[in-house]
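Descriptive analysis of the structure
The residues making up each chain are set out below.
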Amino acid sequence: MIPDRPVRSCRPAGPAPEPCRSTACVFAIPPTEKRETPRHNKIARWLGSNPPISPHGLPPSSDRDSLAQISIFALASSPFGDLASLARSGAQGRALEDLAAALAMNPFSSGTRLRDMIRAIRACKTAAEERAVVRKECAAIRSAISENDQDYRHRNIAKLMFIHMLGYPTHFGQMECLKLIAASGFPEKRIGYLGLMLLLDERQEVLMLVTNSLKQDLNLSNQYIVGLALCALGNICSAEMARDLAPEVERLLLTRDPNIKKKAALCSIRIIRKVPDLAENFLSPAASLLKEKHHGVLIAGVQLCTDLCKVSADASNYLRKNCTEGLVRLLRDVSNSPYAPEYDIAGITDPFLHIRLLRLMRMLGQGDSDTSEYINDILAQVASKTESNKNAGNAILYECVETIMGIEATSGLRVLAINILGRFLSNRDNNIRYVALNMLMKAVAVDSQAVQRHRTTILECVKDSDASIRKRALELVFLLVNDTNVKPLTKELIDYLEVSDQDFKGDLTAKICLIVEKFSQEKKWYIDQMFKVLSLGGNFVKDDVWHALIVAISNAPDLQGYSVRSLYKAFQTSSEQVCLVRVTVWCIGEYGEMLVNNVGVLEVEEPMTVTESDAVDVLEACLTRYSSDIATRSMSLIALLKLSSRFPPTSERIKDIITVHKGSVALELQQRAIEFNSIIQRHQNIKSSLVERMPVLDESAYIGKRTSSSQANIVADKSSQPSSTATTLKFPNGVAKPPAAPLVDLLDLSADDTPVPSSTSNDFLHDLLGIGLTNSPSSGTAPSGGTDILMDLLSIGTPVQNDTAPKVVSSNQGFAPTTKPAPTTSQVMDLLDGLPSNGSLPGSQTPVYPSITAFESSTLRIMFSFTKQPEKPHVTEIHVTFVNLSSEAYTDFVFQAAVPKFVQLHLDPASSNQLAASGNGTITQTLTVTNSQHGQKALAMRVRMVYKVNNQDKSEQGQINNFPPGL
Amino acid sequence: MVVHKGHITFRPLRSRIIAAVKSSTHQHKFLAGIEISFEVSDLLAGRAIGKRGERNSRSKMIHFVILISRQGKVRLTKWYSPYQQKERSTVIRELSGLILTRGPKLCNFVEWKGYKVVYRRYASLYFCMCIDPDDNELEILEIIHHFVEILDRYFGSVCELDLIFNFHKAYYILDEILIAGELQESSKKAVARLIAAQDSLVETAKEEAGSISNMISQSI
């Protein structure tokens, strides 16, 4: 313990410095640390003495003189940071502060030792103090770097690593690591490689500079240096380094030293993960590793083989043929092996090797019945003989079960596996239950009957106190639901919803809604369950779920009365659940008279009396109470308007309520209120037809729309909603609208039969669509040339599918008389589409599309060719070919594409990421494009190519608009 | 997000291709509702996501190892998948929020962003390893324990302070246990032998070196 920068001038003659330094150290450890780590004496021991420690951490005699003296000694040997804190902790010592200040001026104080720096940082009481210490250290290190200080280089890097761990930027030390690695000695290299792995990640370009040093070190004879280099390569190598150094690693796989061998094997794993093309080079060395005796080498070798199987089918075939026998023997030996102290964990010899062998067997047995049959016996042996009282044994059993599920196992073996999972599920250890649930999810696909047997236990797990287990169990329950058990399961889940944690309610609600929607066999059950969910977790229900509920209610005339009454009742108890309130408001607006007149009472209902003013009370409450939620309040306003014509006695009161909101600060509400007010006051003659009940909402169109929009973009879900507003089909637009389009609301309530309101509108677009569609299909829409703009515009107004139109008309017949005959619609649509009328019809023969040059610059050309499967007209496969027009080769070529949200894009991997110069080579890549609005909107794409020329990043981008029509 | 070995598509995008055309023709409230803005940030982020995509390849591996103290202080981090400095601090922040708040009797696994984090508490330290969702959680628990036992033998009943002041030693040991996110050695003795051999190499080098560098290497 020699102080490295003794400041001799400050050291007075007197007591020996040793005890004093340790006193300073005791100061530096905050009292809290002492409690949690009883071994703080150890530090004192490291420092060479055991001084008495007073309860306050101050030395026993605390008069100013001795303190000052002590601090002078401390100054001689310990860092500035310590002293500063020392000065602060001894509040009475002004002298100390002076000293600390004097010290700050001392140019020699920056060279603290690593240990002292850590201590100084730990002594900081606030983040600001810590930042100050770190800033000081960093400044010292920077200046040492700029002076090219060799003596302290490795200490500086060590400090930087600690600073890095605290989350401060340390990029300025990266080059120092490289210098250390380039040094010849093992100690320098050791710390240099550690710094390299910690301070750099594989994205930094500095890393490229280390490739040469790595290459040299890999060729040295000192096994420990080779080991360091392999370790660094394995942990951070990039694709380029992988390519450059693969031959070295391959050679090292064949050396005699097991330490090098195992490291090289793991390094190879990283290399083939980065560059799968290199896999075949490693195949035969990897296979030879499986014959080794050394467990470390075996573990690494088996793991390497597993990874080879993942990237290359040839590799798995080769290993299947040549190594299955050896693997089975290995597993048998290791599982029958007598007690081996070196590898023993809880009475099992090397569970890690067990697990890796089982995993490789799974890779080999997958989809291969011969291999599966061959390994059946050993799997049965492992599954039945492994002890399950300790974690290590369970880990093996778990892996074994997964292997059995993964291969073509015999049914007997599968039963064995499921039984193990059953045992796991009833285990008291939460970890074991968790993995059981996890594995049962995979088992459902194999043998759902067997999993069903554990249903009650799984359902119990949904109610577990552990969030991880709850989540797993819920996922599993969802997979287990089928037509026969849906009712009891839903009941259980809904019951639990009432008592569950607040943060679990979101997940739970979403899952219940999914289950109820997916498995509802009868409408009443569906509606009942949804009402329950809404009243228990209405704040968590997604918009599309309650929209679907409204569509369903609208389609069930005999349940409308029942629904509105149930909702009215539910509202009395759960009026704080937003979605419940919205559905209630909508239903009262539409079916308010059924609430009052008790229309269509079902047998199960209890009779109830609701007066007209009660119904208005509900709406008024919503309007005033939900001050924050404009959507709900807007809905309440519409509902009030509707009631005003249905309940004439209350119309004066409704008028008053609406008038109050004419001054609302929310623009949306104000506008609605003013419009509604003028309807009430000035347009009594058309009011009743304006606020007629909504026609039946089209279920199939809604479902189609919902799936397409949720696929296209979940985030934009809300903003896509209004696109339904102008359609002549009726979506639940009166409700689902973001506050953007109040007028449209009004319009489409009546667009079918009354042209009047639309003429009061100043919305010419709407005229074009609404009136143009119904009355004058041939005029006004003349420019059918089909530019993007127009198509986009018009497609808003066209129904989602051709064939839905007639159906809607027939379902409308019971309600409002429809003025729009179905054939007109499709004609109009054809006109608007600007496409040949059979172009959009499914089932026509596959058209051949010309290839196009999608993008061309001075350096790059991209060609697209198209294929389509006749039965899927909306799916297009695009084969992309890239040609390099420049004279320099491109590396790391990556193609990226963006499409509008009505299109889904799937990119397959490219054939390569290297593009040879001057058109001497091509990259091909396949894109699959699914146009959810096929026939209505043309495809468009924006592309970007990122690549490297001479290791310089380049990128190009462009927009592709010249797709052949009809894609 | 569809990711294939480093090649990546953007999210099916709200693309400006249509939005630009629309907004130039009819600036209407109604249309504004469906106007879809092209997210520049997505484009910019594209590359980062693409690189990160490598993490998502189905290789089962340990993505990172973190040691956090009960107070949320980081004691050791090792990243086997590429994470940028910024992401690293976010990861650490999120995970300490998740893990440190969990009760003592709960299971040792938390699900996080499509990955699983296996953690185990030893005294005041949480050892966390992040793995793919279909990896063997129980085995990772054994690996953690394996690591701890080796640390314990090396330091002689290890404590948090050992790991703070000798953090580099802890890293050396971890490097003998894991490489590329894969287990390297199942024998504690073998690891101990290797570390001891390398430590003695450093010692010899120190003795050979002159007095100045002697002082320096001691001070590390």
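Residues numbered from 1 in each chain as written. Chains lettered and ligands numbered in written order. Predicted model: local features only at pLDDT ≥ 70, side-chain atom pairs only at ≥ 80, totals over all residues. Heavy atoms only, no water.

Attention now goes to the overall build of chain B. Check the secondary structure of chain B and you find nine helices and nine strands. Residues classed as buried in chain B amount to 60% of the 220 residues present. Counting contacts in chain B only where the partners sit at least 6 residues apart, residues at least 24 apart contribute 49% of the total. On chain B, roughly 8200 Å² of surface is accessible, and the fraction owed to carbon and sulfur atoms is 54%. (Helix = DSSP H or I, 4+ residues; strand = E, 2+ residues; numbered from the N terminus. Buried < 20%, exposed > 50% of the residue type's maximum accessible area, 1.4 Å probe, protein only. Contact = heavy atoms within 4.5 Å. Areas by Shrake-Rupley, 256 points an atom, 1.4 Å probe, with all protein chains shown as cover.)

Residue and element names in this part refer to chain B. Both faces of strand β5 (residues 109-112) are covered, namely the face carrying Phe109 and Glu111 and the face carrying Val110 and Trp112. Bridge count between β5 and strand β6 (residues 115-122): four bridges; the pairing is antiparallel. By the bridge assignment for β6, Glu111 is matched with Lys116. Between β5 and β6, which follow one another and run antiparallel, lie two residues, and Lys113 among them has a positive phi close to 50 degrees. (Pairing = 2+ DSSP bridges.)

In this description, a pair of aromatic rings is defined by centroid distance and the angle of the planes. Evaluation of the coordinates by the stated rule reveals 19 aromatic pairs over all chains. Arranged with centres 5.0 Å apart and planes meeting at 45 degrees, the rings of A:Tyr434 and B:Phe109 form a pair that is tilted. Within this pair, whereas A:Tyr434 is found in helix α24 (residues 430-446), its partner B:Phe109 is found in strand β5, the two belonging to separate chains. For A:Tyr434, a relative accessible area of 0% puts it in the buried group. Each ring, one from A:Phe893 and one from A:Tyr947, has its centre 5.7 Å from the other, and the planes form 15 degrees; the classification is stacked. Pair noted here: A:Phe893 is in strand β6 (residues 890-898) and A:Tyr947 is in strand β9 (residues 941-949), with a separation of 54 residues, a long-range link. Take A:Phe893: its relative accessible area is 2%, and that puts it in the buried class. Note that A:Arg470 overlies the ring of A:Phe504, its terminal NZ or CZ placed 4.6 Å from the centroid. (Phe/Tyr/Trp six-rings, centres within 6.5 Å; stacked < 30°, edge-to-face > 60°. Lys NZ or Arg CZ within 6 Å of the ring centre and 35° of its normal.)

Attention now moves to the sheet that holds strand β7 (residues 125-131) of chain B. Hydrogen bonds along the backbone pair up the strands of a sheet, which may run parallel or antiparallel. Residues and elements named next belong to chain B. Across the sheet, five strands lie side by side as β4-β3-β7-β6-β5; this open sheet has antiparallel pairing. Whereas interior strands pair on both sides, the edge strands pair on one side only; in this sheet they are β4 (74-79) and β5. Within this sheet the neighbouring strands show an average axis-to-axis angle of 20 degrees, counted without direction. Where strand β3 (residues 62-69) meets β7, seven bridges bridge the pair, whose relative direction is antiparallel. Looking at β7, one finds that Ile68 is bridged to Tyr126. (Axes fitted to C-alpha atoms, helices over the stretch in contact; angles between N-to-C directions.)

A word on the confidence of the model for chain A. Residues and elements named next belong to chain A. Summing up the model confidence of chain A, the mean pLDDT is 73 and the portion of residues at 70 or higher is 73%. Across residues 1-110, where pLDDT falls below 50, the model places 132 contacts with residues more than four positions away in sequence or in other chains. A low-confidence stretch, residues 712-846 stays under pLDDT 50, and its non-local contacts, those more than four residues away or across chains, total 195 contacts. (pLDDT = per-residue confidence, 0-100.)

All names here are of chain A. The first and last C-alpha atoms of helix α19 (residues 313-336) sit 32 Å apart over 24 residues, in line with the 34 Å expected at 1.5 Å per residue. Along its length, α19 shows its largest kink, about 60 degrees, at Cys323. Among all positions of α19, only Ala315, Ser316, Leu319, Arg320, Cys323, Thr324, Leu327, Val328, Leu330, Leu331 and Val334 are buried. Elements in contact with the buried residues of α19: α17 (279-289), α18 (295-311), β2 (348-349), α20 (351-365) and α21 (369-385). Residue Ser312 occupies the N-cap position of α19, its side-chain oxygen lying 3.4 Å from the main-chain nitrogen of Asp314. (Expected span 1.5 Å × (residues − 1). Bend = angle between axes of the 7 residues up to and from the residue. Polar contact = N/O pair within 3.5 Å; in protein donor to acceptor, adjacent residues only side chain to side chain.)

Time to look at the pattern of salt bridges. Scanning the entire structure with this criterion turns up 45 salt bridges over all chains. Between A:Glu176 and A:Lys179 there is a salt bridge, and its shortest N-O distance comes to 3.1 Å. Here the residue A:Glu176 and the residue A:Lys179 both occupy positions in helix α10 (residues 174-182), the gap between them amounting to three residues, near one helical turn. With relative accessibility at 4%, the residue A:Glu176 sits in the buried group. Here A:Arg472 makes a salt bridge to B:Glu111, at a shortest N to O gap of 2.7 Å. Taken together, the residues A:Arg472 in helix α27 (residues 467-480) and B:Glu111 in strand β5 connect one chain to another. One continuous salt-bridge network, built from bridges that share partners, spans A:Arg356, A:Arg359, A:Arg362, A:Glu399, A:Glu402, A:Lys442, B:Lys60, B:Asp135 and B:Glu139. (Salt bridge = Lys/Arg side-chain N within 4 Å of Asp/Glu carboxyl O.)

This next bit is on helix α7 (residues 114-123) of chain A. Extensive coverage of α7(A) is indicated by the burial of 10 of its 10 residues. Among the residues making up α7(A), those that are buried are A:Leu114, A:Arg115, A:Asp116, A:Met117, A:Ile118, A:Arg119, A:Ala120, A:Ile121, A:Arg122 and A:Ala123.

Next up on the list: the environment of A:Met117. All names here are of chain A. Structurally, Met117 is set in helix α7. The exposure class assigned to Met117 is buried, which follows from its relative accessible area of 0%. Each C-alpha atom of the pair Met117 and Val133 lies 8.3 Å from the other, and the pair is 16 residues apart in sequence. With sequence-adjacent residues up to four places away left out, Met117 is seen in contact with Thr112, Glu137, Lys159, Phe162 and Ile163.

All names here are of chain A. Strand order across the open sheet formed by three strands is β6-β9-β10, with antiparallel pairing between neighbours. Each having just a single partner strand, β6 and β10 (952-960) make up the two edges of the open sheet. Across this sheet, the average inter-strand angle for adjacent strands is 15 degrees, counted without regard to direction. As paired elements, β9 and β10 share nine bridges and run antiparallel to each other. Paired with Arg944 across the bridge in β10 is Gln957.

Here the focus is unusual backbone geometry. The phi dihedral of A:Asp892 falls on the positive side, at around 50 degrees, and the residue is not glycine. Turning to its location among the elements, A:Asp892 is positioned in strand β6. Judged by relative accessible area, A:Asp892 falls into the partly exposed class, the value being 21%. One non-glycine residue, B:Ala123, lies in positive phi territory at about 50 degrees. Mapped onto the fold, B:Ala123 is located in the loop between β6 and β7.

Below, the discussion takes up the environment of A:Ser288. Residue and element names in this part refer to chain A. Following the sequence through the fold, Ser288 ends up in helix α17. Ser288 sits in the partly exposed class, given a relative accessible area of 30%. In the structure, Ser288 is positioned 34 residues away from Leu254 in sequence and 8.9 Å away in space, judged by C-alpha atoms. At a separation of 2.7 Å, a polar atom in the side chain of Ser288 contacts the main-chain carbonyl oxygen of Pro285.

Time to look at the side chain of A:Arg190. Here A:Arg190 shows up in helix α11 (residues 186-199). By relative accessible area, which is 4% here, A:Arg190 ends up buried. Of the polar contacts made by the side chain of A:Arg190, one reaches the side chain of B:Asp199; its length is 2.8 Å. Excluding residues that lie within four positions of it along the chain, A:Arg190 makes contacts with A:Leu228, B:Tyr172, B:Ile195, B:Gln198, B:Asp199 and B:Val202.

To continue, consider the packing of helix α33 (residues 578-597) of chain A against helix α35 (residues 630-646) of chain A. Residue and element names in this part refer to chain A. Two elements in contact, α33 and α35, have axes separated by 8 Å at closest approach and are oriented at 15 degrees. Taken together, the axes of α33 and α35 are roughly parallel relative to one another. The two elements α33 and α35 meet at a crossing, and its hand is left-handed. Taken together, the residues of α35 that come into contact with α33 (itself represented by Val578, Val581, Arg582, Val585, Trp586, Ile588, Gly589, Glu590, Tyr591, Gly592 and Glu593) are Ala631, Thr632, Met635, Ser636, Ala639, Lys642, Leu643 and Arg646. Looking at the contact of α33 with α35 residue by residue, the class counts come to 10 nonpolar, four polar and five charged. (Parallel < 35°, antiparallel > 145°, perpendicular 65-115°, else oblique. Left-handed = near helix turned anticlockwise from the far one by under 90°. Nonpolar A, V, L, I, M, F, W, Y, C, P; charged D, E, K, R; others polar.)

So, on to the pairing of β6(A). Residue and element names in this part refer to chain A. Most of β6 sits inside the fold, with seven of its nine residues counted as buried. Bridge analysis of β6 against β9 gives seven bridges, and the strand direction is antiparallel. Note that in β9 the partner of Gln896 across the bridge is Arg944.

This part takes up the side chain of A:Arg362. In this fold, A:Arg362 is placed in helix α20. Judged by its relative accessible area of 7%, A:Arg362 falls in the buried class. Once residues within four sequence positions are removed from consideration, A:Arg362 is found in contact with A:Glu399, A:Glu402, A:Thr403, A:Gly406, A:Ile407 and B:Lys60.

As a further point, take the confidence of the model for chain B. Residues and elements named next belong to chain B. On average, residues of chain B score 73 in pLDDT, and 68% of them reach the 70 mark or higher. Element-level pLDDT for chain B is lowest in helix α1 (residues 16-25), with a mean of 27, against a maximum mean of 94 in strand β8 (residues 178-179). Residue range residues 1-57 is modelled with pLDDT below 50. Its contacts to residues more than four positions away, or to other chains, number 129 contacts. What the predictor reports for the complex is a pTM of 0.61 with an ipTM of 0.75.

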